Amino acid sequence: MKLLVANNAAPFVRGGAELLADRLVLELRRAGHEAEVMRLPLGNTPEQILESIVAASLMDVVNVDRVIGLKFPAYLIPHPDVVIWLVHQFRQAYDPPPVGWPQDPSFDRAASAVRVADRHAFASTNRLYAISPMVADRLQRSNGLTAAVLMTPPHSDQEYRTRTAEDFIVALGRISDGKRQRLAIQAMRYARPGYRLVVAGPPDNPAMLDQVRREIDESGAGDRVEFIPRFITEDEKLDLISRCIGSVYLPVDEDSYGYVCYEAAMSSKPSVTATDSGGTLTLVDHGRTGLVSEPEPRALAAAFDELSRNRDRARQMGENARAAALGLDLSWSRVVEELTR
Amino acid sequence: MKVAMVTPMAPESAIADVMMQAVPDLATRWDLEVWCPSGPAYLPCPTVLHPFHEASTEVLSSLAAFDLVVYVLGDSPWHTRILPLAQRLPGLVVLHDASLTNLFRHAALETHTLDELMSHVERVTGEGRAHILSTSLVSVDPDEWMQFCAEVPLTELALEGSLGAVVHSAWHARSIDGLTLGHVTVAPLPVPSTRLSLDSDGDLVTARLISELPDDAVLVVTVGSVNHNRRIDLLLEAIAGDEVLSRRIHLWAVGPSAAKAASALVDLAGAFGLTDRFAITGRVGSPSLQAILARADIAAALRDPVLEGQSASTLTQLAAGIPVVVYNHAHYAELPDDVAVKVAPADGAAGIGAALRLLTDDDEGRARRGQRGREYVATSRSGAAYAAALLEAGEHATATTPLLHLSADLGARLRRLGLHQETAVVNVVTDLAFDLFDLA
């Protein structure tokens, strides 16, 4: 088949959805299909959102057997054979602030258009999948639609390894407000001595870099927080995970199970996540595969302390986490089979 | 160019009358046929006349063979069988009324589609207003209904996808800006001809009234259905509130009226002490109307709200050399200042009284205005001038035809995602189309 993987695009932003689209195209080609990625611009202002909707609605795609839509507004493209693998809805149009837009007539008009277009696109698609139970639940709540859950396998194939835990907890991923690495740093004020926090990843912007540095200074735990503010290689990442006591990942209402949690689990390491982190709870079962904490510094410090103090329990949770990750049966061959059947 | 004009042709229809005034000139330039809803009788037609029983697919396919179809619409049941044709086969729409609410309500009741119409109204106006459409008009407050008609004119439903529109005032043109694909032409409505023959239960009344009218009386008339928006109540109040006016003026409401409304006005006149100076003639025939206009000194056309696109009756009065008192709004504001005395609606009875005094106290000035009004109509209104504007509108309309394809394509794409009812999205698409295709 000739398959068009349709994703949205914000210039110079490259995150999980972009990695997912690239990997999907690669896997589709491996399976013998012809596949391309097409990215549709999605702006931020209400006017830009409306223009994005119009651009998608008016598009003609030719020489394509099927469109696989991942994100808004790309899945609005008219085609007789559209399969949606929903990474997430355009949550600004659905959720209350601060995730959703503030009450404002111009935002209200854009939100209305998004919801109307979504409703029709979801209803007319040939098949509707969600990348996680969390996304499927949201879809059920907001649109009353049932999507089959087709979880995303990791974007890259890694040789995960496990080494004896050294005295640090690792916080990996893009440094941003949404991922709340600063909350983990604040927790180190209250953490017992005997271990460090290693924060590694590229900051979203220079301001974020300054904020994290200031946070470390103000925490009074500068000697216990190691900050690596850059993109780290896969080897560096796997090495850090393999030697840590556990991983901390604190996104807000994450759509998927969280690659950071998955990679920790595959390295037989437990994860600490927050009660409001959303999809990460797919893999982090409190007390069994990791610890789920309230999103506040003292509670997090207690979770860190627990992993540090009770290394045997942490190791056992790590092994449980790996079993849970394997149990998800995340395979690209299954994804390709579903999306092309 | 083969053109079909779809218009009422009932002898009682003033709209049919003015359209027929244009036909002779139109027929010199267009290969013109007139199509009309069938009825017991028709106005004389100077060209081929095709009555049709209903807006069937056969009629549509016949009309589709023309290069241009001109639909004539007004806010009355005479247009009910024309409306579905205009909505299904795009053409040039001649709008005689600024509000088509009565027409759409009537058509919806006939076709059992009132729920759809109410849904549209809810969408356009917000919740809570559409219920009036399902209420019997007998039980609705007439003021409330007229206000609703003015605020929810529903012209967008008649003009959607049309190739252009013809209206009869700049005010009306502004109010429909953006509702049609094509150009909006302001055409000079001719004065209805005097050959209109109406059922005339008021002729005997009129003869008596004229014979009993004192020679020195100043006769003020309003012409047309005695509706609530003619503000006859304010005229009575203005006359009663001025010693000179109450002594000199006789006020006649010339036209049919509902018994309840007539009774209320008679009671009001009594309360003001004007019983012997106020009369409602009922419907009058053409000879009686001419006799009244020949005797009348002043005409009043105080429409509020304004539901018609131009006032044929005001033009008739001006043609008769009678100065008119009008509200200074809507299309009335477009009358020349030396023809009409304009009153700010907010000035109420006091403003109307001042205007009447101006004309009552100055016989020469009144005559001057009357003469100027006659000249204004004579020089600006004719079947030929109306036909010239329709011909120009026809050229615009045929030039708009290619846009139909663009509109249909864009509309289909938006409908697929339910976005055709999202105004913000439609505006974006429209702006893009204007930019890309230089439509401005």
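Quantities reported herein were computed from a predicted structural model and do not represent experimental measurements.

K.L.:
Could you give me a rundown of the nonpolar core, with the residues and numbers involved?
P.N.:
Considering soluble globular proteins, one finds that nonpolar side chains tend to be buried as a cluster. Membership of the largest hydrophobic core comes to 130 residues, with the highest contact counts inside it found for Tyr71(B), Leu73(B) and Val325(B). Ranked by the residues each element gives to this core, the list is headed by helix α1 (residues 14–29) of chain B, at eight residues. Residue-level mapping places this core at the junction of two domains, with at least three residues from each of domain 1 (2–100 + 153–190 + 383–401) and domain 2 (203–380) of chain B. Look past the residues within four positions of Tyr71(B) in its chain and what remains in contact with it is Val6(B), Ile82(B), Leu85(B), Ala86(B), Gly91(B), Val93(B) and Val94(B). By size, the runner-up hydrophobic cluster in this structure holds 109 residues, among which are Val67(A), Val83(A), Ile185(A) and Ile216(A).

K.L.:
A description of the interface of chain B and chain A should follow, citing residues and the corresponding values.
P.N.:
Every contact between the two is made by 12 residues of chain B and, on the other side, 17 residues of chain A. For the side of chain B that touches chain A, the elements supplying multiple residues, two or more each, are α17 (383–416) and α18 (423–437) of chain B. Here the side of chain B that touches chain A takes five residues from α18(B), the largest share from any one element. Residues belonging to the side of chain B that touches chain A are distributed by class as follows: eight nonpolar, one polar and three charged.

K.L.:
So what's going on with the sheet that holds strand β5 (residues 127–130) of chain A? Which residues, and what values?
P.N.:
Residue and element names in this part refer to chain A. Judged by pairing direction, the sheet is parallel, and its six strands sit side by side in the order β2-β1-β3-β4-β5-β6 without closing on themselves. For this open sheet the edge positions go to β2 (34–41) and β6 (148–149), each flanked by a neighbour on one side alone. Note: strand β1 (residues 2–9) against strand β3 (residues 66–71), four bridges, orientation parallel. Residue pairing in the sheet places Val 5 in a bridge with Ile 68 of β3.

K.L.:
How would you sum up unusual backbone geometry? Please name residues and give values.
P.N.:
Of note, the amide linkage connecting Phe72(A) to Pro73(A) takes the cis form, showing an omega dihedral of 0°. Take Pro73(A): it is sitting in the loop between β3 and β4 (82–88). Asp304(B) connects to Pro305(B) through a cis peptide bond whose omega is 0°. Residue position: Pro305(B) is located in the loop between β11 (298–301) and α14 (312–319). Although it is not a glycine, Leu154(B) sits at a positive phi angle of roughly 65°.

K.L.:
Describe in detail the environment of Asp81(A), supporting the description with residues and values.
P.N.:
Residue and element names in this part refer to chain A. Note that Asp 81 resides in the loop between β3 and β4. Under the C-beta neighbour-count criterion, Asp 81 is labelled partly exposed, with 14 such atoms within 10 Å. Discounting chain neighbours no more than four positions away, the residues touching Asp 81 are Asp 65, Arg 66, Val 67 and Asn 126.

K.L.:
Outline the sheet that holds strand β9 (residues 225–228) of chain A, listing residues and values.
P.N.:
The strands making up a sheet associate through backbone hydrogen bonding, with each pair oriented either parallel or antiparallel. All names here are of chain A. Pairing is parallel across the open sheet formed by six strands, whose spatial order is β9-β8-β7-β10-β11-β12. A strand with exactly one partner marks an edge of an open sheet, and here the two such strands are β9 and β12 (290–293). The mean angle between the axes of side-by-side strands here comes to 25°, regardless of whether they run parallel or antiparallel. Set on the sheet, helix α9 (residues 297–309) makes contact with β7 (168–172), β10 (246–248), β11 (271–274) and β12; between it and β12 the angle comes to about 165°.

K.L.:
Hey, could you go over helix α9 (residues 203–212) of chain B for me, with residue numbers and the actual values?
P.N.:
Residues and elements named next belong to chain B. Of the positions making up α9, those classed as buried are Asp 203, Thr 206 and Leu 209. Down the axis of α9, the buried side of the element spans an arc of 120°, and every buried residue falls inside it. Exposed and facing more than 90 degrees away from the buried side of α9 are Arg 208, Ser 211 and Glu 212. Where α9 is buried, its residues contact β9 (249–254), β10 (278–282) and α13 (286–295).

K.L.:
Could you give an account of the environment of Leu128(A), naming the residues involved and the relevant values?
P.N.:
Residues and elements named next belong to chain A. With respect to the helices, strands and loops of the structure, Leu 128 is situated in strand β5. The exposure class of Leu 128 is buried, given the 23 C-beta atoms found within 10 Å. Spatially, the C-alpha atom of Leu 128 lies 5.0 Å from that of Ile 84, the residues being 44 residues apart in sequence. Apart from the residues within four sequence positions on either side, Leu 128 is in contact with Ile 84, Leu 86, Phe 122, Leu 145 and Ala 147.

Cut-offs and rules
- Residues numbered from 1 in each chain as written.
- Chains lettered and ligands numbered in written order.
- Predicted model: local features only at pLDDT ≥ 70, side-chain atom pairs only at ≥ 80, totals over all residues.
- Core = buried A, V, L, I, M, F, W, Y, C linked by C-beta atoms within 7 Å.
- Buried ≥ 20, exposed ≤ 12 C-beta atoms within 10 Å, placed from the backbone.
- Helix = DSSP H or I, 4+ residues; strand = E, 2+ residues; numbered from the N terminus.
- Domains from an automatic or database assignment.
- Contact = placed C-beta atoms within 7 Å.
- Nonpolar A, V, L, I, M, F, W, Y, C, P; charged D, E, K, R; others polar.
- Pairing = 2+ DSSP bridges.
- Axes fitted to C-alpha atoms, helices over the stretch in contact; angles between N-to-C directions.
- Arc of directions from axis to C-beta.

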